[in-house]
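# Survey of secondary and tertiary structure
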Amino acid sequence: DSGVTQTPKHLITATGQRVTLRCSPRSGDLSVYWYQQSLDQGLQFLIQYYNGEERAKGNILERFSAQQFPDLHSELNLSSLELGDSALYFCASSPDMNTEAFFGQGTRLTVV
Amino acid sequence: AQTVTQSQPEMSVQEAETVTLSCTYDTSESDYYLFWYKQPPSRQMILVIRQEAYKQQNATENRFSVNFQKAAKSFSLKISDSQLGDAAMYFCVLFSNSGYALNFGKGTSLLVTP
């Protein structure tokens, strides 16, 4: 158990819908990362927050957004969902920005 | 730009044998970190080993060790006394302070046979 909690574990939804994925980082970790893992694209970095502030953006679509709250948990919002958004979404946390990250179990999103 | 290349999509090793997974990377940074993560069928992403670029000594964690060649930008993972539980996808990962994010290679799928 990495100490990073992601909910829900599985999510099935229809095209055009909006979903919210939640991540609770390890106790004391200030940095949260979101990654998307699909079969054809591998692991893609989406976005990073550090102590509530956005620090880096990767290949995140405009339909996606995220935030980190004062209690350091983070949410990833995915809207106008398309079939191609089906993937495993990982959250990871680290104490600061230059150490290894610990990953949650992921949320498996299926868009039908 | 930072890139990580794993040229072996699949590898196979017999139980109790040793296997080496290859990784090359490219970065213009002088301060960076390299990791190996494993992803078993459960899909959990698990940190295996970490190497700081400023350290010349190769990292070791029990049966796992790395061969870090900074000039060649090479970072291979050696698994000794392979066990069935080592079967997983292994990712080579680069992190630099200026890049913020972890950069993953495409992964090497390791099969362990009895």
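Just above, that's the structure.
None of the values given here were measured: they were computed from a predicted structure.

## A look at the packing of aromatic side chains
By the definition in use, this model includes 16 aromatic pairs over all chains. A centroid spacing of 5.8 Å and a plane angle of 85° characterise the contact between Phe 90 of chain A and Phe 103 of chain A, whose relative ring orientation is edge-to-face. Placement of Phe 90 of chain A in strand 9 (residues 87-94) and of Phe 103 of chain A in strand 10 (residues 102-103) is noted, with a sequence separation of 13 residues between them. By relative accessible area, Phe 103 of chain A is classed as buried at 0%. A centroid spacing of 6.4 Å and a plane angle of 50° characterise the contact between Tyr 33 of chain B and Phe 95 of chain B, whose relative ring orientation is tilted. Of this pair, Tyr 33 of chain B sits in strand 5 (residues 32-39) while Phe 95 of chain B sits in strand 10 (residues 88-96), and the two are 62 residues apart along the sequence. A single burial state applies to Tyr 33 of chain B and to Phe 95 of chain B, both of which are buried. Through a chain of ring-to-ring contacts, three or more aromatic side chains come together here, namely Tyr 33, Tyr 35, Phe 45, Phe 90 and Phe 103 of chain A together with Phe 35, Tyr 37, Phe 91 and Phe 104 of chain B. Here the guanidinium or amino end of Arg 26 of chain A rests over the ring plane of Phe 102 of chain A, the centre of that ring lying 3.9 Å away.

## Remarks on the sheet that holds strand 3 (residues 19-24) of chain A
Residue and element names in this part refer to chain A. The antiparallel open sheet is built from four strands, whose spatial order is 1-3-8-7. In this open sheet, the two edge strands, each paired with only one partner strand, are strand 1 (5-7) and strand 7 (64-68). Averaged over neighbouring strand pairs, the angle between their axes works out to 15° when direction is ignored. As paired elements, strand 3 and strand 8 (residues 74-78) share five bridges and run antiparallel to each other. By the bridge assignment, Val 19 is partnered in strand 8 with Leu 78.

About the thresholds
Once a new chain begins, its residue numbering starts again from 1 and follows that chain's sequence as written. Going through the entries in the order they are written, you letter the chains from A and number the ligands from 1. Totals for whole chains, interfaces and linings use every residue, but because this is a predicted model, local features are given only for residues with pLDDT of at least 70 and side-chain atom pairs only at 80 or more, for both listing and counting. Side-chain descriptors were evaluated using all non-hydrogen atoms of the structure, hydrogens and water having been removed beforehand. Within 6.5 Å between ring centres, the rings of Phe, Tyr and Trp (the latter by its six-membered ring) count as paired, and their orientation is classed by plane angle as stacked under 30 degrees, edge-to-face over 60, tilted in between. Runs of H or I in DSSP of at least four residues are treated as helices and runs of E of at least two as strands, each being numbered from the N terminus. Note on exposure labels: buried denotes an accessible area under 20% of the residue type's maximum, exposed denotes more than 50%, and partly exposed covers the range between, all computed with a 1.4 Å probe on protein chains only. Each ring is checked for a lysine NZ or an arginine CZ that lies within 6 Å of its centre and within 35 degrees of its normal; such an atom marks a charge sitting over the ring. Strands were regarded as paired on the criterion that DSSP finds at least two bridges between them. In this analysis, axes come from line fits to C-alpha atoms, helices being fitted only over the stretch in contact, and the angle between any two N-to-C directions falls in the range 0 to 180 degrees.

Remember, this is a structural readout, not a statement about activity or role.
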